[in-house]
Number of protein chains: 4
Amino acid sequence: MAGSSFGTIFRITTWGESHGKGIGVVIDGCPAGLPLTEADIQPFLDRRRPGQSRYTTLRAEADQAEILSGTFEGKTTGTPISILVRNTDQHSKDYSSIADIYRPGHADFGYDTKYGLRDYRGGGRSSGRETIGRVAGGAVAELLLRELGITLTAYTRQIGPVSIETFDEKEISRNRLYMPDPQAAEAASHYLDGLMAEQDSAGGVIECIVKGLPAGVGDPVFEKLDANLAKAMMSIGAVKGVEIGDGFAAAAACGSTNNDAFTIGADGRITKHTNHAGGILGGISDGSDLVIRCAVKPTPSIASLQQTVDREGQKQEIRIKGRHDPVIVPRAVVVTEAMAAITILDALLVGMGARLDNLQKIWCPKGH
Amino acid sequence: MAGSSFGTIFRITTWGESHGKGIGVVIDGCPAGLPLTEADIQPFLDRRRPGQSRYTTLRAEADQAEILSGTFEGKTTGTPISILVRNTDQHSKDYSSIADIYRPGHADFGYDTKYGLRDYRGGGRSSGRETIGRVAGGAVAELLLRELGITLTAYTRQIGPVSIETFDEKEISRNRLYMPDPQAAEAASHYLDGLMAEQDSAGGVIECIVKGLPAGVGDPVFEKLDANLAKAMMSIGAVKGVEIGDGFAAAAACGSTNNDAFTIGADGRITKHTNHAGGILGGISDGSDLVIRCAVKPTPSIASLQQTVDREGQKQEIRIKGRHDPVIVPRAVVVTEAMAAITILDALLVGMGARLDNLQKIWCPKGH
Amino acid sequence: MAGSSFGTIFRITTWGESHGKGIGVVIDGCPAGLPLTEADIQPFLDRRRPGQSRYTTLRAEADQAEILSGTFEGKTTGTPISILVRNTDQHSKDYSSIADIYRPGHADFGYDTKYGLRDYRGGGRSSGRETIGRVAGGAVAELLLRELGITLTAYTRQIGPVSIETFDEKEISRNRLYMPDPQAAEAASHYLDGLMAEQDSAGGVIECIVKGLPAGVGDPVFEKLDANLAKAMMSIGAVKGVEIGDGFAAAAACGSTNNDAFTIGADGRITKHTNHAGGILGGISDGSDLVIRCAVKPTPSIASLQQTVDREGQKQEIRIKGRHDPVIVPRAVVVTEAMAAITILDALLVGMGARLDNLQKIWCPKGH
Amino acid sequence: MAGSSFGTIFRITTWGESHGKGIGVVIDGCPAGLPLTEADIQPFLDRRRPGQSRYTTLRAEADQAEILSGTFEGKTTGTPISILVRNTDQHSKDYSSIADIYRPGHADFGYDTKYGLRDYRGGGRSSGRETIGRVAGGAVAELLLRELGITLTAYTRQIGPVSIETFDEKEISRNRLYMPDPQAAEAASHYLDGLMAEQDSAGGVIECIVKGLPAGVGDPVFEKLDANLAKAMMSIGAVKGVEIGDGFAAAAACGSTNNDAFTIGADGRITKHTNHAGGILGGISDGSDLVIRCAVKPTPSIASLQQTVDREGQKQEIRIKGRHDPVIVPRAVVVTEAMAAITILDALLVGMGARLDNLQKIWCPKGH
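Residues numbered from 1 in each chain as written. Chains lettered and ligands numbered in written order. Predicted model: local features only at pLDDT ≥ 70, side-chain atom pairs only at ≥ 80, totals over all residues. Heavy atoms only, no water.

A word on the relation of the copies chain B and chain C. Each copy superposes on the other: chain B lies on chain C with an RMSD of 0.0 Å after a rotation of 180 degrees and an axial shift of 0.0 Å. Look at the turn and shift together and you get a two-fold axis relating the two. Looking at chain B, 100% of its interface residues are interface residues in chain C too, so the copies touch through the same face. (Least-squares fit on C-alpha atoms with pLDDT ≥ 70 in both. Contact = heavy atoms within 4.5 Å.)

Below you can see the structure in the form of structure tokens.
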């Protein structure tokens with residue numbers, strides 16, 4: 001199945017394995033006229049790059065993006081943008097011991113069952129390196145959304161049992177855990193240090209806020225904006241849960257408190273007193289901030305001893321060596337932001353013709 | 001945007017408004033040879049039918065399904081199965097008062113902004129009646145899955161603050177809340193009685209378990225089985241959160257406890273000691289039970305007074321009259337089951353050609 | 001496979017068999033605000049209705065369209081438009097003799113091989129009645145295109161060996177063969193009378209002209225406007241060839257004569273001296289008239305004796321009784337027009353966001 | 001619009017411009033287990049390579065394919081296969097004179113109108129070099145089809161007015177025009193020499209034959225095998241017409257002669273006496289050879305003087321310099337073969353689940 005593409009009008013197709021020749025993405029359907037160079041994309045890739053702190057793998061790759069097509073004289077042309085990141089620091093020998101053994105918490109068993117064989121080096125296609133293509137695609141989407149006045153901010157909300165209690169946007173980039181609360185970042189660091197000493201790992205929660213999105217984006221029924229966001233988020237490797245707005249907390253609430261009363265804002269526009277809905281009602285944006293939350297499971301690659309089986313169906317024990325993050329949440333922050341940006345831009349594009357008068361604006365600019 | 005279809009090979013397209021002439025679904029891509037009559041579908045529709053208890057709307061519609069195409073001599077033919085349910089109990093006059101007012105927690109404002117007009121009668125397309133098409137489509141999917149030894153069980157796990165503590169599958173159909181724990185069902189009933197007295201409403205959590213699904217179902221990257229399940233669930237009107245396996249609880253766990261150790265089962269097959277993953281690793285089924293959970297927000301239609309605005313941007317107050325469930329969770333149980341069944345059947349169909357030898361089994365049955 | 005849908009943003013899904021309960025279509029993604037009632041659609045269906053002349057089957061069905069959803073107060077709402085036509089004149093007994101025999105030129109053998117069973121009554125899903133759904137969907141598309149100043153005209157260009165030599169648009173609806181040349185229509189009638197006497201049948205060529213389509217519609221590479229038109233046309237039952245502009249004649253031409261020189265029209269816009277290209281260059285409309293041509297094979301149902309085999313692999317002889325058109329070309333004219341309209345409207349919708357400034361026009365109407 | 005992808009389960013996404021950094025394709029959904037190296041793909045690319053004869057451009061590029069992902073130990077893994085061909089012989093200066101002028105017969109005007117800007121170097125995305133990605137993707141499809149006993153043969157049937165009169169498969173690769181008739185190849189060469197002297201160009205007709213395709217492939221209604229083949233062929237740059245079997249000739253035939261009588265073959269299987277249908281009935285393969293024909297227009301780039309206009313709407317004259325084939329038909333032969341292979345493999349994959357018993361064969365191999 002062609003499962004490596006995402007989006008209808010703005011569509012990314014990612015490819016590449018952890019220890020193959022490279023990783024990449026083809027971004028198709030990008031509107032023409034967006035200023036775009038490699039220097040615009042690199043900062044996004046740098047946010048997910050390994051080797052940034054003692055909580056991320058030491059794999060020292062620059063992950064340098066090369067734009068192979070789709071731009072001309074510094075602008076997008078509307079044709080597919082192909083972006084290539086060569087793999088440069090591959091230690092294939094590290095992985096030979098797991099060629100026939102199924103790592104707990106990993107996709108090894110599923111791949112072997114489905115395909116009959118797998119590229120076992122570093123997780124192959126199921127490696128976190130696959131997200132490089134998402135981030136490059138998301139960078140283009142996010143740059144385009146900025147031209148429409150729409151901005152995204154993602155950050156770490158929780159690591160293991162440590163949640164943020166304050167929110168200061170400037171703090172996000174000041175600590176390597178991307179937490180907007182310096183105290184929580186400090187506490188989470190201590191927590192991670194303890195886990196590392198025990199050869200264990202942690203999970204966490206990522207939150208993404210979208211500002212400036214107009215009301216009326218998203219489609220009823222199956223192409224609801226939140227449905228596509230849920231798919232986008234759950235398609236990220238370690239994500240096990242997705243919430244919009246109050247999410248699971250809404251399940252325990254009452255209608256009288258969960259409903260957001262409409263009112264008129266200072267700018268004369270319709271707005272809401274509260275935002276329990278997280279900016280989406282009936283699958284369509286309501287003009288409030290989008291609030292998206294993802295649960296990320298603990299890194300499954302841990303060095304402590306685990307029980308498992310091999311391809312022949314024999315019981316085995318395993319310790320996963322190599323370079324592994326004790327928590328992938330900080331590096332996944334930019335990935336969730338990327339997937340949100342791609343989803344939203346695509347929804348804006350597919351929704352342009354929802355009204356006959358919109359068609360007339362584009363195709364009959366001077367009337368007919 | 002054509003947002004009323006779901007699925008790639010097995011695809012449903014729903015249509016219809018609450019107070020239009022009817023509601024229906026076209027089920028395309030159903031494999032030929034499945035025994036199917038209206039009597040097979042009706043029990044599924046009856047599970048979501050109104051008027052079943054004092055917690056569901058009194059709208060007394062039989063919601064009788066008519067199969068218009070796609071079967072011959074009692075079997076599916078592989079051609080589209082069109083199913084029609086006529087609307088018979090429409091009280092349009094009940095809704096005239098909300099023609100120009102945006103109900104809090106509803107899609108009214110979004111529809112008006114997006115389309116410039118809306119069918120305001122009973123929520124129009126955003127009505128819960130839209131799910132009739134999903135349930136009919138899900139019935140077909142579920143019947144087909146049974147032929148493959150795959151079964152689904154959905155139930156109410158939580159209503160407001162009341163969660164189940166025991167699980168007895170037989171109890172599910174014994175109480176009108178579809179809870180597998182009779183004590184919890186009792187407590188939830190009391191809770192709902194209290195809310196009804198206050199003209200308020202409740203939300204809850206639905207869980208769906210899938211047994212018998214082989215390992216190797218789902219695709220890597222964007223068409224992960226859990227990604228499509230998340231989209232399927234979040235596309236249901238009032239759902240605000242989706243979890244697979246431990247979901248958000250995994251965010252606070254450690255790798256050493258969250259990883260499920262592989263082992264060899266009594267039948268000699270590879271299995272897992274635990275199932276924190278909820279049956280999916282790396283987007284591909286691992287042979288364990290699928291565990292899917294949805295958060296459902298409280299019914300937004302409440303009779304108590306709410307602040308809102310109208311189409312002209314004037315502040316208004318509103319009391320929502322008419323027939324409304326104080327909790328939609330019990331009726332949504334079968335909807336989540338339907339969406340899970342559709343998603344899984346489609347994943348089975350798109351995954352048939354993952355291996356060259358599978359192609360040979362179907363297209364070169366006697367070798368070549 | 002879900003093969004009964006066509007289109008990306010504006011998408012039709014047809015369903016129904018010749019002798020099932022009915023035939024229908026779900027039209028999803030239709031922009032909101034288009035005036036639409038059953039009376040607007042019926043004239044299109046009447047153009048393909050049987051019983052119009054001695055060259056069409058006597059099956060006397062009104063083929064009355066009922067709109068079940070998607071409109072409110074006479075306008076489209078942006079939600080799916082479900083249209084139902086009940087089958088009323090089914091003579092199933094006519095077809096029992098062909099239950100186990102494969103009719104030459106028909107899909108019987110393919111269906112049986114693919115699905116293992118088939119609804120043999122009147123061709124089941126492969127019946128020409130399937131096109132009712134296309135025509136209803138095309139009617140909606142064509143009505144919407146008119147609002148954008150785009151008009152379609154389809155007609156019979158050739159029947160058997162008789163081709164038109166003159167073109168008078170008014171003539172098209174004056175003869176039952178829909179030919180714009182009354183002399184050709186006369187000659188074709190004689191030709192058909194002769195064939196009927198011999199229990200034989202004829203094919204022909206249909207041409208469709210689209211006026212008013214702006215330049216810049218269609219996408220490069222695989223979603224070229226002509227590629228989608230070719231698929232649209234070839235998906236019609238008896239069509240065996242499709243041409244754009246000069247088509248196969250271009251294969252024998254020279255570049256110097258086949259190239260259309262650009263020039264400036266009286267209105268100051270860029271136009272072409274000639275239109276060998278048929279209005280499409282590189283997959284994108286060039287502002288000239290679209291010219292699409294389809295080859296339709298002779299009606300395969302003929303009463304003269306034919307050799308064939310049955311399901312058991314035994315040789316058989318067959319005479320196809322029942323009501324069959326000696327030529328289906330005239331009734332297929334409106335079907336090609338419908339498919340062209342659907343394809344073009346979809347291309348207009350998917351192409352709205354080709355430029356960043358178009359996105360800004362729709363989503364940031366007052367700047368940002 | 002994301003128009004650079006083709007296929008549902010087996011899907012190719014091409015990218016790249018004539019004078020950008022390279023050209024490539026991502027092949028997603030390829031079944032795992034197919035032996036594949038660069039050496040398997042290169043012969044296909046060599047068939048479309050320039051510089052092969054005096055009738056093809058002198059651009060001397062090796063067009064060497066590099067596989068960047070999707071294979072492991074010499075076999076496909078089921079994950080996306082990314083193939084890169086670097087552009088090495090770019091003479092951008094040749095094209096600066098056409099930056100603001102619309103070449104007749106080219107897509108320049110359409111691109112500018114649609115996107116507001118274009119990469120004018122060598123046609124940019126609309127260059128014939130785009131087909132490199134198709135051919136690489138088609139090579140993989142064709143190699144896989146061979147494993148199923150399905151083979152494709154494409155060749156030049158006509159150049160300008162010169163058609164083949166004999167068919168000897170071995171001749172196809174013996175002359176640089178890929179004609180199976182040496183006399184016709186000789187005559188066509190003379191014809192082309194004459195055109196070159198006059199700075200003119202020719203078109204032609206390509207035919208593709210597919211052998212070994214089982215009956216039952218393709219879907220009814222919109223996903224007919226011939227409908228998808230028509231789209232595939234018409235999406236190739238210069239193609240202006242597509243026929244299946246007798247094609248346009250069928251329009252002038254009678255039912256009694258055009259119908260192919262079924263019979264029992266020497267191997268005991270159902271077959272047909274004749275093959276006017278070209279192997280497809282009702283959109284589904286009938287077990288006979290597929291016969292597909294494409295009309296290719298004359299190369300629009302000619303050195304003789306042409307009238308045109310520029311971006312500012314001023315009339316201009318143009319002579320197109322640079323390296324241009326007087327006929328592209330021979331190099332397009334492998335492109336049509338590639339598109340046919342991709343279309344057929346995809347149809348085989350999407351059709352695997354047409355019957356319940358097929359699902360059981362794959363997912364319940366030992367019964368349930």
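Let's pick the thread back up.
Let's shift gears to the packing of helix 5 (residues 225–234) of chain C against helix 7 (residues 329–350) of chain C. All names here are of chain C. Relative to each other, helix 5 and helix 7 sit at 145 degrees, their axes nearing to 9 Å. Of the two elements, helix 5 crosses helix 7, and the hand of that crossing is right-handed. Within the contact between the two elements, helix 5 uses Leu-225, Asn-228, Leu-229, Ala-232 and Met-233 and helix 7 uses Thr-336, Met-339, Ala-340, Thr-343 and Ala-347. A class-by-class count of the residues in the contact of helix 5 with helix 7 yields seven nonpolar, three polar and no charged. (Axes fitted to C-alpha atoms, helices over the stretch in contact; angles between N-to-C directions. Helix = DSSP H or I, 4+ residues; strand = E, 2+ residues; numbered from the N terminus. Left-handed = near helix turned anticlockwise from the far one by under 90°. Nonpolar A, V, L, I, M, F, W, Y, C, P; charged D, E, K, R; others polar.)

Contacts between chain C and chain D engage 104 residues on the former and 104 residues on the latter. When chain C packs against chain D, close to 8200 Å² is buried across both sides, 64% of that on carbon and sulfur atoms. Among the residues chain C hides against chain D, the three largest losses belong to Lys114(C), Phe222(C) and Lys240(C). Together they make up 11% of the total. At the junction of chain C and chain D, the tally comes to four salt bridges. The salt bridge partner of Lys231(D) is Glu223(C), with a shortest N-O separation of 3.0 Å. For the pair chain C and chain D, the number of links is 35 residue pairs in polar contact (both at pLDDT 80 or more). It is helix 2 (residues 108–115) of chain C that contributes the most residues to the side of chain C that touches chain D, seven residues altogether. (Buried area = accessible area lost by both parts, 1.4 Å probe. Salt bridge = Lys/Arg side-chain N within 4 Å of Asp/Glu carboxyl O. Polar contact = N/O pair within 3.5 Å; in protein donor to acceptor, adjacent residues only side chain to side chain.)

Turning our eyes to something else, we now look at the packing of helix 1 (residues 38–48) of chain A against helix 3 (residues 131–147) of chain A. Residue and element names in this part refer to chain A. Contact geometry of helix 1 with helix 3 gives a least axis separation of 9 Å together with a crossing angle of 130 degrees. On the basis of their axis angle, the class for helix 1 and helix 3 is oblique. For the pair helix 1 and helix 3, the sense of crossing is right-handed. Of the residues in helix 3, those touching helix 1 at Asp-40, Ile-41, Phe-44, Leu-45 and Arg-48 are Thr-131, Ile-132, Val-135, Ala-136, Ala-139, Val-140, Glu-142, Leu-143 and Arg-146. Residue composition of the contact of helix 1 with helix 3, grouped by class: nine nonpolar, one polar and four charged. (Parallel < 35°, antiparallel > 145°, perpendicular 65-115°, else oblique.)

Once that is clear, we can look at the sheet that holds strand 10 (residues 204–211) of chain B. A sheet is described by the order of its strands in space; here ten strands give the open sequence 9(A)-8(A)-10(A)-16(A)-11(A)-11(B)-16(B)-10(B)-8(B)-9(B), paired in antiparallel fashion. In this open sheet, the two strands that pair with only one neighbour each are strand 9 (162–163) of chain A together with strand 9 (162–163) of chain B. Pairing analysis gives two bridges linking strand 8 (residues 151–159) of chain A to strand 9 of chain A, with the strands arranged antiparallel. Residue pairing across strands places Gln158(A) opposite Ser163(A), the latter belonging to strand 9 of chain A. Helix-sheet contacts for helix 7 (residues 329–350) of chain B involve strand 8 (151–159), strand 10 and strand 16 (290–296) of chain B, and the interaxial angle to strand 8 of chain B is about 145 degrees. (Pairing = 2+ DSSP bridges.)

Our focus in this paragraph is the relation of the copies chain C and chain D. Superposition of chain C onto chain D requires a rotation of 180 degrees combined with a translation of 0.0 Å along the rotation axis, giving an RMSD of 0.0 Å. Interface residue correspondence from chain C to chain D reaches 100%, placing this contact among same-surface, isologous pairings.

So, on to the environment of Cys30(B). All names here are of chain B. Here Cys-30 is to be found in the loop between strand 3 (22–28) and helix 1 (38–48). What makes Cys-30 buried here is its relative accessible area of 1%. When residues no more than four places from it in sequence are discounted, the contact partners of Cys-30 are Phe-10, Thr-76, Gly-78, Ile-81, Val-140 and Leu-144. (Buried < 20%, exposed > 50% of the residue type's maximum accessible area, 1.4 Å probe, protein only.)

What follows covers helix 5 (residues 225–234) of chain A. When you tally the buried positions in helix 5 of chain A, you get ten out of ten residues, the bulk of the element. Looking at helix 5 of chain A, one finds that the buried residues are Leu225(A), Asp226(A), Ala227(A), Asn228(A), Leu229(A), Ala230(A), Lys231(A), Ala232(A), Met233(A) and Met234(A).

To continue, consider the sheet that holds strand 1 (residues 5–6) of chain B. If you trace the five strands from one edge of the open sheet to the other, you get 1-2-3-7-4 (chain B), paired in antiparallel fashion. At either margin of the open sheet sits one strand with a lone partner, and together these are strand 1 and strand 4 (66–67) of chain B.

What follows deals with the packing of aromatic side chains. If you walk through the whole model with that rule in mind, you get 30 aromatic pairs over all chains. Where Phe72(B) meets Tyr120(C), the ring centres are 5.2 Å apart and the plane angle is 90 degrees; that geometry is what we call edge-to-face. Residue Phe72(B) is located in strand 5 (residues 71–72), and its partner Tyr120(C) is located in the loop between helix 2 and helix 3 (131–147); the two belong to separate chains. By the burial criterion, Phe72(B) is buried, and Tyr120(C) matches it. Through pairs of rings, three or more aromatic residues link up here, namely Tyr102(A), Phe109(A) and Phe262(B). (Phe/Tyr/Trp six-rings, centres within 6.5 Å; stacked < 30°, edge-to-face > 60°.)

In this assembly, 46 residues from chain B lie in contact with 46 residues from chain C. With both sides pooled, the region where chain B packs onto chain C buries about 3500 Å², and carbon together with sulfur makes up 60% of that total. On the chain B side of the contact with chain C, Trp15(B), Leu68(B) and Phe72(B) bury the most area, a combined 17% of that side's loss. Inspection of the region where chain B meets chain C yields four salt bridges. Across the pair Arg86(B) and Glu66(C) runs a salt bridge, and its minimum N-O distance is 3.1 Å.

Moving on: the pattern of salt bridges. Scanning the model with the defined rule gives 92 salt bridges over all chains in all. The residue Lys21(C) makes a salt bridge to Glu66(B) at a minimum N-O spacing of 3.2 Å. Note that Lys21(C) is positioned in the loop between strand 2 (11–16) and strand 3 (22–28) and Glu66(B) in strand 4, a pairing that runs across two chains. Residue classification places Lys21(C) among the partly exposed positions, given a relative accessible area of 37%. Between Glu243(B) and Arg293(B) there is a salt bridge, with the nearest N and O atoms lying 2.4 Å from each other. Placement of the pair is Glu243(B) in strand 11 (residues 239–244) and Arg293(B) in strand 16, with a sequence separation of 50 residues.

Now for the environment of Ile150(B). Here Ile150(B) is to be found in the loop between helix 3 (131–147) and strand 8. Non-local contacts of Ile150(B), meaning those with residues more than four positions away in its chain, are made with Leu145(B), Val210(B), Lys211(B), Gly212(B), Leu213(B), Pro214(B) and Leu348(B).

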